[in-house]
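For reference, the chains in residue letters:
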Amino acid sequence: MKKGSIQTVLKATFKESNTFRTICEAIKDIILDVNFIFHENEVSLQAMDSSHVALCHMSLSKDKSFDFSCDSKVVIGVNLSSLCDILKCFDKKETIELKVNEKLETLDLESKDKLFKMNLMDIEAEFLHIPKQEYNCSLEMDSKHFKTIITDLSKFTEQCEISCTQEQVTFSGCGNI
């Protein structure tokens, strides 16, 4: 390594850019700025909406469609709206690589023929310990479908209630219409 050269502290690869894009698009209307925290085997985020009502927590493990390497914990702060704008410039099936240097100043998003540099943010956020809970209902759904439901509801209300029975899941809100 040459004297004065800057080392890469994080290198992540998404086999299809749509994977990362879908995650970011799903939460960008709720969370403005977020820290992605890269650990040895997973990347996580935890953030609250601006009114401190909704807590968003996500964890993504390494697998055949997503891989990364970092020597120690790396925290990168980004504006989700700006990140989504950049991710829209990549084809959905295009492989993208994310790189961060040791100065933690920029996030490089690169494919075989495109390169974007995004300034990173220093976001003060306390990682909350969330105790394990037993829930009466567990729901798995496509993130695009969830985003559509929330986007549609947000046109009429600022609050959303999700209730479950064994037969159905109901998303409801109360608005002025």
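Each value, and the rule that gives it
Residues numbered from 1 in each chain as written. Predicted model: local features only at pLDDT ≥ 70, side-chain atom pairs only at ≥ 80, totals over all residues. Heavy atoms only, no water. Helix = DSSP H or I, 4+ residues; strand = E, 2+ residues; numbered from the N terminus. Buried < 20%, exposed > 50% of the residue type's maximum accessible area, 1.4 Å probe, protein only. Salt bridge = Lys/Arg side-chain N within 4 Å of Asp/Glu carboxyl O. Pairing = 2+ DSSP bridges. Axes fitted to C-alpha atoms, helices over the stretch in contact; angles between N-to-C directions.

1. Here's the deal with unusual backbone geometry
Okay, step 1: Its identity is not glycine, yet His 52 carries a phi of approximately 55°, on the positive side.
Okay, step 2: Inspection of the secondary structure puts His 52 in the loop between strand S3 (42–48) and strand S4 (55–61).
Okay, step 3: Accessibility expressed as a relative area gives 57% for His 52, which makes it exposed.
Okay, step 4: Positive phi is not limited to glycine here, since Leu 104 has a value of about 55°.

2. A few points about the pattern of salt bridges
Working definition: two side chains of opposite charge can pair if their charged atoms are close together.
Okay, step 1: For the coordinates displayed, the defined rule picks out 11 salt bridges.
Okay, step 2: The shortest N-O distance in the salt bridge between Lys 99 and Glu 110 comes to 3.9 Å. Separated by 11 residues along the polypeptide, Lys 99 in strand S7 (residues 96–101) and Glu 110 in strand S8 (residues 106–110) bring together distant segments of the chain.
Okay, step 3: Residue Lys 99 is classed as partly exposed on the basis of its relative accessible area of 26%.
Okay, step 4: Note that Lys 155 and Asp 152 form a salt bridge whose closest N and O atoms lie 3.9 Å from each other.

3. Regarding the sheet that holds strand S2 (residues 33–38)
Okay, step 1: If you trace the four strands from one edge of the open sheet to the other, you get S4-S3-S2-S6, paired in antiparallel fashion. Both edges of this open sheet fall to S4 and strand S6 (74–79), since each of them pairs with a single strand only. Averaged over all pairs of adjacent strands, the angle between their axes in this sheet comes to 20°, without regard to strand direction.
Okay, step 2: Note that S2 and S3 share three bridges and pair antiparallel. In the strand pairing of S3, Phe 36 is matched with Leu 45.

4. Quick look at the sheet that holds S7
Okay, step 1: Across the sheet, five strands lie side by side as S5-S1-S7-S8-S9; this open sheet has antiparallel pairing. Strands at the two margins of the open sheet, each flanked by one partner only, are strand S5 (66–69) and strand S9 (115–119). Strand-to-strand twist of the sheet, defined as the mean angle between neighbouring strand axes without regard to direction, takes the value 15°.
Okay, step 2: The sheet contact formed by strand S1 (residues 8–14) and S5 spans four bridges and is antiparallel. Paired with Lys 11 across the strands is Ser 69, a residue of S5.

The analysis is restricted to geometry; functional conclusions fall outside its scope.
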